[in-house]
Amino acid sequence: MSADQDQEKYTCQQVLDVKQWESPGLLSIKVTRNSGFNFIPGQFARIGLPSDQAQPRPDLWRAYSMVSHPDDDYLEFLSVTVPDGQFSPKLAALCPGSDLWVEKVPFGFLTLERFLPAKALWLVSTGTGLSAYLPMLRDTATWEKFEKVIIVHGVRTVLELAYREYLEKLAKNNPQFIYLPVTSREPWPANGGYRGHKGCRVTTAYTEGLLQSETGQPLNPEDARIMLCGNPEMVTEMRALLQEQGFAASRRGNPGTLAVENYW
Ligand SMILES: Cc1cc2nc3c(=O)[nH]c(=O)nc-3n(C[C@H](O)[C@H](O)[C@H](O)COP(=O)(O)OP(=O)(O)OC[C@H]3O[C@@H](n4cnc5c(N)ncnc54)[C@H](O)[C@@H]3O)c2cc1C
Ligand SMILES: NC(=O)c1ccc[n+]([C@@H]2O[C@H](COP(=O)([O-])OP(=O)(O)OC[C@H]3O[C@@H](n4cnc5c(N)ncnc54)[C@H](OP(=O)(O)O)[C@@H]3O)[C@@H](O)[C@H]2O)c1
(Lines give C-alpha, C1' and ligand atoms only; values in the text may rest on other atoms or scores of the structure.)
(Ligands and ions follow the chains in the order given, each with its own letter.)
Protein backbone atom coordinates (compact mmCIF):
# COMPACT_ATOMS: atom_id res chain seq x y z
CA MET A 1 0.00 0.00 0.00
CA SER A 2 1.39 3.41 -0.92
CA ALA A 3 1.89 6.20 1.62
CA ASP A 4 -0.89 8.07 -0.19
CA GLN A 5 -3.37 5.24 0.31
CA ASP A 6 -2.33 4.89 3.91
CA GLN A 7 -3.82 8.28 4.53
CA GLU A 8 -6.97 7.52 2.55
CA LYS A 9 -10.16 6.05 3.94
CA TYR A 10 -9.72 3.00 1.74
CA THR A 11 -7.25 0.40 0.47
CA CYS A 12 -6.84 -1.08 -2.99
CA GLN A 13 -7.41 -4.85 -3.09
CA GLN A 14 -7.15 -7.36 -5.95
CA VAL A 15 -9.78 -9.75 -7.23
CA LEU A 16 -8.76 -13.37 -6.62
CA ASP A 17 -11.73 -15.22 -8.09
CA VAL A 18 -15.16 -14.65 -9.60
CA LYS A 19 -17.73 -17.44 -9.36
CA GLN A 20 -20.72 -17.14 -11.64
CA TRP A 21 -23.81 -18.81 -10.17
CA GLU A 22 -26.26 -20.55 -12.49
CA SER A 23 -28.57 -17.56 -12.60
CA PRO A 24 -27.16 -14.96 -15.03
CA GLY A 25 -26.01 -11.84 -13.19
CA LEU A 26 -25.55 -13.57 -9.85
CA LEU A 27 -21.91 -13.95 -8.79
CA SER A 28 -19.56 -14.29 -5.84
CA ILE A 29 -16.34 -12.35 -5.88
CA LYS A 30 -13.28 -13.02 -3.73
CA VAL A 31 -10.72 -10.29 -3.13
CA THR A 32 -7.54 -9.92 -1.10
CA ARG A 33 -8.05 -8.60 2.40
CA ASN A 34 -6.07 -5.93 4.17
CA SER A 35 -4.83 -7.47 7.43
CA GLY A 36 -6.10 -4.40 9.30
CA PHE A 37 -9.69 -4.90 8.09
CA ASN A 38 -11.51 -6.65 10.94
CA PHE A 39 -15.26 -7.16 11.16
CA ILE A 40 -18.04 -9.03 12.94
CA PRO A 41 -20.19 -11.56 11.02
CA GLY A 42 -23.21 -9.67 9.64
CA GLN A 43 -21.33 -6.43 8.95
CA PHE A 44 -20.78 -4.91 5.52
CA ALA A 45 -17.96 -3.17 3.68
CA ARG A 46 -18.17 -0.13 1.46
CA ILE A 47 -16.47 -1.07 -1.78
CA GLY A 48 -15.48 1.29 -4.55
CA LEU A 49 -14.71 1.42 -8.26
CA PRO A 50 -13.84 4.23 -10.67
CA SER A 51 -16.82 5.40 -12.72
CA ASP A 52 -14.77 5.24 -15.93
CA GLN A 53 -11.39 4.03 -17.12
CA ALA A 54 -9.94 7.55 -17.35
CA GLN A 55 -10.58 7.95 -13.64
CA PRO A 56 -7.74 6.42 -11.56
CA ARG A 57 -9.54 6.74 -8.21
CA PRO A 58 -12.73 5.10 -7.00
CA ASP A 59 -15.66 7.51 -7.07
CA LEU A 60 -18.57 5.02 -6.96
CA TRP A 61 -19.17 3.38 -3.60
CA ARG A 62 -21.70 0.72 -2.53
CA ALA A 63 -22.36 -1.39 0.56
CA TYR A 64 -21.76 -5.16 0.35
CA SER A 65 -22.12 -7.64 3.21
CA MET A 66 -19.22 -9.98 3.83
CA VAL A 67 -19.99 -13.59 2.95
CA SER A 68 -16.55 -14.63 4.18
CA HIS A 69 -15.67 -15.16 7.83
CA PRO A 70 -13.41 -12.79 9.80
CA ASP A 71 -10.82 -15.62 10.02
CA ASP A 72 -10.50 -15.90 6.22
CA ASP A 73 -7.54 -14.09 4.68
CA TYR A 74 -9.75 -12.92 1.79
CA LEU A 75 -13.09 -11.08 1.55
CA GLU A 76 -16.00 -12.60 -0.36
CA PHE A 77 -19.12 -10.82 -1.59
CA LEU A 78 -22.30 -12.06 -3.27
CA SER A 79 -23.61 -9.69 -5.94
CA VAL A 80 -26.61 -9.48 -8.18
CA THR A 81 -26.25 -7.41 -11.34
CA VAL A 82 -28.98 -4.81 -11.46
CA PRO A 83 -29.69 -3.93 -15.11
CA ASP A 84 -29.00 -0.19 -15.53
CA GLY A 85 -27.34 -0.08 -12.09
CA GLN A 86 -24.29 2.20 -11.92
CA PHE A 87 -22.12 -0.06 -9.79
CA SER A 88 -23.13 -3.73 -9.98
CA PRO A 89 -22.49 -4.17 -13.76
CA LYS A 90 -18.95 -2.77 -13.21
CA LEU A 91 -18.41 -5.18 -10.33
CA ALA A 92 -19.63 -8.07 -12.49
CA ALA A 93 -17.10 -7.15 -15.20
CA LEU A 94 -14.08 -7.58 -12.88
CA CYS A 95 -11.76 -10.55 -13.33
CA PRO A 96 -8.86 -12.02 -11.33
CA GLY A 97 -6.18 -9.34 -10.93
CA SER A 98 -8.65 -6.41 -11.21
CA ASP A 99 -8.52 -3.71 -8.53
CA LEU A 100 -11.37 -3.22 -6.06
CA TRP A 101 -11.22 -0.56 -3.35
CA VAL A 102 -12.44 -1.30 0.18
CA GLU A 103 -13.05 1.28 2.91
CA LYS A 104 -10.86 0.59 5.93
CA VAL A 105 -13.72 0.48 8.43
CA PRO A 106 -16.57 -2.07 8.36
CA PHE A 107 -20.16 -0.99 9.08
CA GLY A 108 -23.44 -2.38 10.34
CA PHE A 109 -25.36 -3.60 13.36
CA LEU A 110 -26.92 -6.79 11.99
CA THR A 111 -24.85 -8.86 14.41
CA LEU A 112 -25.75 -11.59 16.87
CA GLU A 113 -24.30 -9.74 19.86
CA ARG A 114 -27.56 -7.83 20.08
CA PHE A 115 -29.57 -10.96 20.93
CA LEU A 116 -29.82 -12.95 24.15
CA PRO A 117 -29.65 -16.76 23.79
CA ALA A 118 -32.84 -18.48 22.59
CA LYS A 119 -34.25 -21.76 21.34
CA ALA A 120 -34.36 -20.64 17.73
CA LEU A 121 -32.52 -18.09 15.60
CA TRP A 122 -34.38 -17.27 12.38
CA LEU A 123 -32.27 -15.68 9.63
CA VAL A 124 -34.72 -14.55 6.96
CA SER A 125 -33.48 -13.07 3.67
CA THR A 126 -34.47 -12.28 0.13
CA GLY A 127 -32.01 -12.37 -2.78
CA THR A 128 -28.49 -11.29 -1.87
CA GLY A 129 -29.64 -10.55 1.70
CA LEU A 130 -28.45 -14.09 2.39
CA SER A 131 -24.85 -12.78 2.37
CA ALA A 132 -24.92 -11.27 5.84
CA TYR A 133 -25.86 -14.58 7.45
CA LEU A 134 -23.22 -16.85 5.93
CA PRO A 135 -20.31 -15.83 8.19
CA MET A 136 -22.56 -16.24 11.25
CA LEU A 137 -22.88 -19.94 10.43
CA ARG A 138 -19.13 -20.32 10.78
CA ASP A 139 -18.94 -18.77 14.27
CA THR A 140 -18.91 -21.25 17.16
CA ALA A 141 -20.65 -18.64 19.33
CA THR A 142 -23.76 -18.91 17.10
CA TRP A 143 -24.17 -22.63 17.86
CA GLU A 144 -23.60 -22.08 21.57
CA LYS A 145 -26.17 -19.31 21.82
CA PHE A 146 -29.07 -20.86 19.86
CA GLU A 147 -30.43 -24.40 19.96
CA LYS A 148 -31.54 -24.20 16.33
CA VAL A 149 -30.52 -21.88 13.52
CA ILE A 150 -32.89 -21.58 10.56
CA ILE A 151 -32.00 -19.87 7.29
CA VAL A 152 -35.01 -18.89 5.20
CA HIS A 153 -33.91 -17.74 1.73
CA GLY A 154 -36.57 -16.17 -0.48
CA VAL A 155 -35.75 -15.88 -4.20
CA ARG A 156 -37.69 -15.77 -7.46
CA THR A 157 -36.48 -19.08 -8.95
CA VAL A 158 -34.53 -22.15 -7.86
CA LEU A 159 -31.47 -21.12 -9.91
CA GLU A 160 -31.12 -18.01 -7.72
CA LEU A 161 -30.48 -20.10 -4.60
CA ALA A 162 -26.82 -19.14 -4.27
CA TYR A 163 -24.83 -21.32 -1.84
CA ARG A 164 -27.65 -23.90 -1.93
CA GLU A 165 -25.31 -26.90 -2.09
CA TYR A 166 -23.24 -25.60 0.84
CA LEU A 167 -26.33 -24.92 2.95
CA GLU A 168 -27.94 -28.27 2.15
CA LYS A 169 -24.74 -30.06 3.11
CA LEU A 170 -24.49 -28.10 6.34
CA ALA A 171 -28.11 -28.96 7.19
CA LYS A 172 -27.40 -32.64 6.52
CA ASN A 173 -24.34 -32.67 8.77
CA ASN A 174 -25.45 -30.34 11.55
CA PRO A 175 -28.71 -31.25 13.33
CA GLN A 176 -28.84 -27.74 14.82
CA PHE A 177 -29.22 -26.19 11.37
CA ILE A 178 -32.27 -25.94 9.10
CA TYR A 179 -32.20 -24.53 5.56
CA LEU A 180 -35.52 -23.50 4.06
CA PRO A 181 -35.42 -22.15 0.49
CA VAL A 182 -38.60 -20.31 -0.53
CA THR A 183 -39.15 -19.58 -4.24
CA SER A 184 -41.81 -17.11 -5.33
CA ARG A 185 -42.11 -17.77 -9.06
CA GLU A 186 -41.58 -21.55 -9.10
CA PRO A 187 -42.57 -24.34 -6.72
CA TRP A 188 -40.27 -24.52 -3.69
CA PRO A 189 -37.48 -27.06 -4.12
CA ALA A 190 -37.91 -30.11 -1.92
CA ASN A 191 -34.79 -30.43 0.22
CA GLY A 192 -33.50 -32.36 3.21
CA GLY A 193 -36.81 -34.19 3.56
CA TYR A 194 -39.00 -31.09 3.26
CA ARG A 195 -41.83 -31.12 0.77
CA GLY A 196 -41.95 -28.48 -1.92
CA HIS A 197 -44.81 -25.95 -2.04
CA LYS A 198 -46.30 -23.84 -4.76
CA GLY A 199 -44.36 -20.63 -5.22
CA CYS A 200 -44.86 -17.85 -2.66
CA ARG A 201 -43.01 -15.03 -0.94
CA VAL A 202 -41.45 -15.45 2.51
CA THR A 203 -44.13 -13.14 3.94
CA THR A 204 -46.88 -15.45 2.66
CA ALA A 205 -44.95 -18.46 3.93
CA TYR A 206 -45.04 -16.79 7.35
CA THR A 207 -48.71 -15.76 7.35
CA GLU A 208 -49.76 -19.21 6.11
CA GLY A 209 -47.78 -20.85 8.91
CA LEU A 210 -45.45 -22.65 6.49
CA LEU A 211 -42.24 -21.45 8.12
CA GLN A 212 -43.24 -23.02 11.43
CA SER A 213 -44.90 -26.13 10.00
CA GLU A 214 -41.98 -26.97 7.67
CA THR A 215 -39.29 -26.52 10.31
CA GLY A 216 -41.16 -27.43 13.51
CA GLN A 217 -39.44 -24.50 15.24
CA PRO A 218 -40.95 -21.83 17.50
CA LEU A 219 -41.53 -18.38 16.02
CA ASN A 220 -42.58 -16.34 19.06
CA PRO A 221 -40.64 -13.66 20.95
CA GLU A 222 -40.16 -15.84 24.05
CA ASP A 223 -38.37 -18.63 22.21
CA ALA A 224 -37.06 -17.05 19.03
CA ARG A 225 -34.88 -14.25 17.71
CA ILE A 226 -35.25 -13.12 14.12
CA MET A 227 -33.23 -11.16 11.58
CA LEU A 228 -34.58 -9.80 8.27
CA CYS A 229 -32.26 -8.78 5.45
CA GLY A 230 -32.67 -7.84 1.79
CA ASN A 231 -35.57 -6.27 -0.12
CA PRO A 232 -36.80 -3.25 1.91
CA GLU A 233 -40.45 -3.96 1.10
CA MET A 234 -40.09 -7.48 2.45
CA VAL A 235 -38.40 -6.07 5.55
CA THR A 236 -41.18 -3.52 6.13
CA GLU A 237 -44.00 -6.03 5.63
CA MET A 238 -42.41 -8.83 7.61
CA ARG A 239 -41.41 -6.50 10.44
CA ALA A 240 -45.02 -5.28 10.76
CA LEU A 241 -46.28 -8.87 10.90
CA LEU A 242 -43.72 -9.82 13.53
CA GLN A 243 -44.36 -6.73 15.63
CA GLU A 244 -48.03 -7.76 15.82
CA GLN A 245 -46.77 -10.97 17.45
CA GLY A 246 -44.68 -9.02 20.00
CA PHE A 247 -41.25 -9.10 18.33
CA ALA A 248 -39.33 -5.86 18.93
CA ALA A 249 -36.01 -4.27 18.03
CA SER A 250 -33.52 -3.58 20.82
CA ARG A 251 -34.09 -0.20 22.50
CA ARG A 252 -32.18 1.81 25.09
CA GLY A 253 -29.86 -1.06 25.90
CA ASN A 254 -32.69 -3.62 26.16
CA PRO A 255 -31.82 -6.56 23.93
CA GLY A 256 -34.49 -7.05 21.28
CA THR A 257 -35.91 -10.05 19.48
CA LEU A 258 -35.85 -8.54 15.98
CA ALA A 259 -33.07 -6.96 13.88
CA VAL A 260 -33.27 -5.82 10.27
CA GLU A 261 -31.17 -4.52 7.38
CA ASN A 262 -32.41 -3.00 4.12
CA TYR A 263 -30.28 -3.44 0.99
CA TRP A 264 -31.65 -0.38 -0.81
C1 LIG B 1 -26.15 -2.52 4.14
C2 LIG B 1 -26.20 -2.96 2.69
C3 LIG B 1 -25.62 -4.17 2.33
C4 LIG B 1 -25.69 -4.58 1.00
N5 LIG B 1 -25.14 -5.79 0.65
C6 LIG B 1 -25.25 -6.23 -0.62
C7 LIG B 1 -24.74 -7.50 -1.00
O8 LIG B 1 -24.17 -8.26 -0.18
N9 LIG B 1 -24.89 -7.90 -2.29
C10 LIG B 1 -25.52 -7.10 -3.22
O11 LIG B 1 -25.64 -7.52 -4.39
N12 LIG B 1 -25.99 -5.89 -2.88
C13 LIG B 1 -25.86 -5.44 -1.63
N14 LIG B 1 -26.34 -4.20 -1.31
C15 LIG B 1 -26.85 -3.35 -2.40
C16 LIG B 1 -25.65 -2.64 -3.10
O17 LIG B 1 -25.09 -1.70 -2.20
C18 LIG B 1 -26.06 -1.91 -4.37
O19 LIG B 1 -27.23 -1.18 -4.20
C20 LIG B 1 -26.29 -2.87 -5.51
O21 LIG B 1 -25.08 -3.48 -5.84
C22 LIG B 1 -26.75 -2.19 -6.77
O23 LIG B 1 -25.89 -1.13 -7.12
P24 LIG B 1 -26.14 -0.35 -8.49
O25 LIG B 1 -25.34 0.90 -8.50
O26 LIG B 1 -25.88 -1.30 -9.63
O27 LIG B 1 -27.67 -0.01 -8.45
P28 LIG B 1 -28.35 1.01 -7.43
O29 LIG B 1 -28.53 2.32 -8.16
O30 LIG B 1 -27.62 1.05 -6.14
O31 LIG B 1 -29.75 0.31 -7.21
C32 LIG B 1 -30.77 0.38 -8.21
C33 LIG B 1 -31.94 -0.48 -7.83
O34 LIG B 1 -31.58 -1.85 -7.92
C35 LIG B 1 -32.29 -2.62 -6.96
N36 LIG B 1 -31.28 -3.30 -6.10
C37 LIG B 1 -30.18 -2.76 -5.51
N38 LIG B 1 -29.48 -3.69 -4.83
C39 LIG B 1 -30.14 -4.85 -5.01
C40 LIG B 1 -29.91 -6.18 -4.55
N41 LIG B 1 -28.86 -6.49 -3.76
N42 LIG B 1 -30.77 -7.14 -4.91
C43 LIG B 1 -31.84 -6.84 -5.70
N44 LIG B 1 -32.14 -5.60 -6.16
C45 LIG B 1 -31.29 -4.61 -5.82
C46 LIG B 1 -33.16 -1.64 -6.18
O47 LIG B 1 -34.44 -1.61 -6.79
C48 LIG B 1 -32.45 -0.33 -6.37
O49 LIG B 1 -33.28 0.77 -6.23
C50 LIG B 1 -26.30 -3.77 0.01
C51 LIG B 1 -26.85 -2.54 0.39
C52 LIG B 1 -26.81 -2.14 1.70
C53 LIG B 1 -27.42 -0.81 2.08
N1 LIG C 1 -32.01 -12.81 -8.89
C2 LIG C 1 -31.15 -12.95 -9.89
O3 LIG C 1 -30.47 -13.97 -10.05
C4 LIG C 1 -30.95 -11.80 -10.86
C5 LIG C 1 -30.05 -11.95 -11.90
C6 LIG C 1 -29.81 -10.86 -12.72
C7 LIG C 1 -30.43 -9.66 -12.46
N8 LIG C 1 -31.32 -9.55 -11.43
C9 LIG C 1 -31.92 -8.25 -11.17
O10 LIG C 1 -31.84 -7.94 -9.77
C11 LIG C 1 -33.02 -7.23 -9.37
C12 LIG C 1 -33.85 -8.03 -8.36
O13 LIG C 1 -33.10 -9.03 -7.81
P14 LIG C 1 -33.70 -10.20 -6.89
O15 LIG C 1 -34.66 -11.06 -7.63
O16 LIG C 1 -32.51 -10.87 -6.29
O17 LIG C 1 -34.42 -9.40 -5.70
P18 LIG C 1 -35.96 -9.12 -5.36
O19 LIG C 1 -36.66 -8.48 -6.47
O20 LIG C 1 -35.92 -8.43 -4.06
O21 LIG C 1 -36.62 -10.60 -5.19
C22 LIG C 1 -36.15 -11.56 -4.27
C23 LIG C 1 -37.34 -12.22 -3.61
O24 LIG C 1 -37.99 -11.28 -2.77
C25 LIG C 1 -39.38 -11.33 -3.03
N26 LIG C 1 -40.05 -10.10 -2.66
C27 LIG C 1 -40.13 -8.95 -3.37
N28 LIG C 1 -40.87 -8.05 -2.69
C29 LIG C 1 -41.29 -8.67 -1.56
C30 LIG C 1 -42.13 -8.27 -0.47
N31 LIG C 1 -42.65 -7.05 -0.41
N32 LIG C 1 -42.37 -9.17 0.51
C33 LIG C 1 -41.84 -10.40 0.47
N34 LIG C 1 -41.05 -10.83 -0.53
C35 LIG C 1 -40.78 -9.98 -1.54
C36 LIG C 1 -39.47 -11.66 -4.50
O37 LIG C 1 -40.78 -12.13 -4.80
P38 LIG C 1 -41.50 -11.84 -6.23
O39 LIG C 1 -41.01 -12.90 -7.16
O40 LIG C 1 -42.97 -11.99 -5.90
O41 LIG C 1 -41.12 -10.46 -6.67
C42 LIG C 1 -38.39 -12.71 -4.60
O43 LIG C 1 -38.87 -13.94 -4.14
C44 LIG C 1 -33.81 -7.03 -10.62
O45 LIG C 1 -33.40 -5.80 -11.16
C46 LIG C 1 -33.38 -8.19 -11.49
O47 LIG C 1 -33.61 -7.95 -12.86
C48 LIG C 1 -31.59 -10.60 -10.63
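That block above? That's the structure.
Parameters at a glance
Residues numbered from 1 in each chain as written. Chains lettered and ligands numbered in written order. Predicted model: local features only at pLDDT ≥ 70, side-chain atom pairs only at ≥ 80, totals over all residues. Heavy atoms only, no water. Near = heavy atom within 4 Å. Polar contact = N/O pair within 3.5 Å; in protein donor to acceptor, adjacent residues only side chain to side chain. Areas by Shrake-Rupley, 256 points an atom, 1.4 Å probe, with all protein chains shown as cover. Helix = DSSP H or I, 4+ residues; strand = E, 2+ residues; numbered from the N terminus. Nonpolar A, V, L, I, M, F, W, Y, C, P; charged D, E, K, R; others polar. Domains from an automatic or database assignment. Pairing = 2+ DSSP bridges. Axes fitted to C-alpha atoms, helices over the stretch in contact; angles between N-to-C directions. Contact = heavy atoms within 4.5 Å.

Q: Could you give an account of the site of ligand 2, naming the residues involved and the relevant values?
A: Taken together, 22 residues surround ligand 2, and among them Ser23, Ser184, Arg185, Arg201 and Asn231 come closest. Note that a nitrogen atom of ligand 2 is positioned 2.9 Å from one of the side-chain N or O atoms of Glu160. Burial of ligand 2 by the protein amounts to 81% of the accessible area it has alone, namely 870 Å². Where the shell around ligand 2 is concerned, the elements lending two or more residues are β8 (146-155) and α7 (232-244). Looking at the shell around ligand 2 element by element, the count peaks at 3 residues for α7. For the shell around ligand 2, a count of residues per class yields 7 nonpolar, 9 polar and 6 charged.

Q: Lay out the site of ligand 1 in plain terms, naming residues and giving numbers.
A: Around ligand 1, a shell composed of 20 residues is seen, among which Ala63, Tyr64, Leu78, Ser88 and Thr128 lie nearest. Within the side chain of Thr128, an N or O atom sits 2.8 Å from a nitrogen atom of ligand 1. Elements with a contribution of two residues or more to the shell around ligand 1: β4 (60-65), β5 (74-80), α2 (88-92) and β11 (258-262). Considering each element in turn, the shell around ligand 1 owes the most residues, 4 residues, to β4. Residue composition of the shell around ligand 1, grouped by class: 10 nonpolar, 8 polar and 2 charged. Composition of the shell around ligand 1 by domain shows at least three residues from each of domain 1 (3-103) and domain 2 (112-262).

Q: I'd like to hear about the sheet that holds β11, residue by residue, with values.
A: Taken together, 5 strands build an open sheet; the order of strands is β9-β8-β7-β10-β11 and the sheet is parallel. Looking at which strands have only one partner, the edges of the open sheet turn out to be β9 (177-183) and β11. The mean angle between the axes of side-by-side strands here comes to 10 degrees, regardless of whether they run parallel or antiparallel. Where strand β7 (residues 118-126) meets strand β10 (residues 224-230), 6 bridges bridge the pair, whose relative direction is parallel. Across the sheet, Leu123 pairs through a bridge with Met227, a residue of β10. Along the sheet face, helix α4 (residues 164-173) touches β8 and β9 and points at about 145 degrees away from the line of β9. Seen against the sheet, α7 touches β7, β10 and β11 and runs at an angle of roughly 160 degrees to β10.

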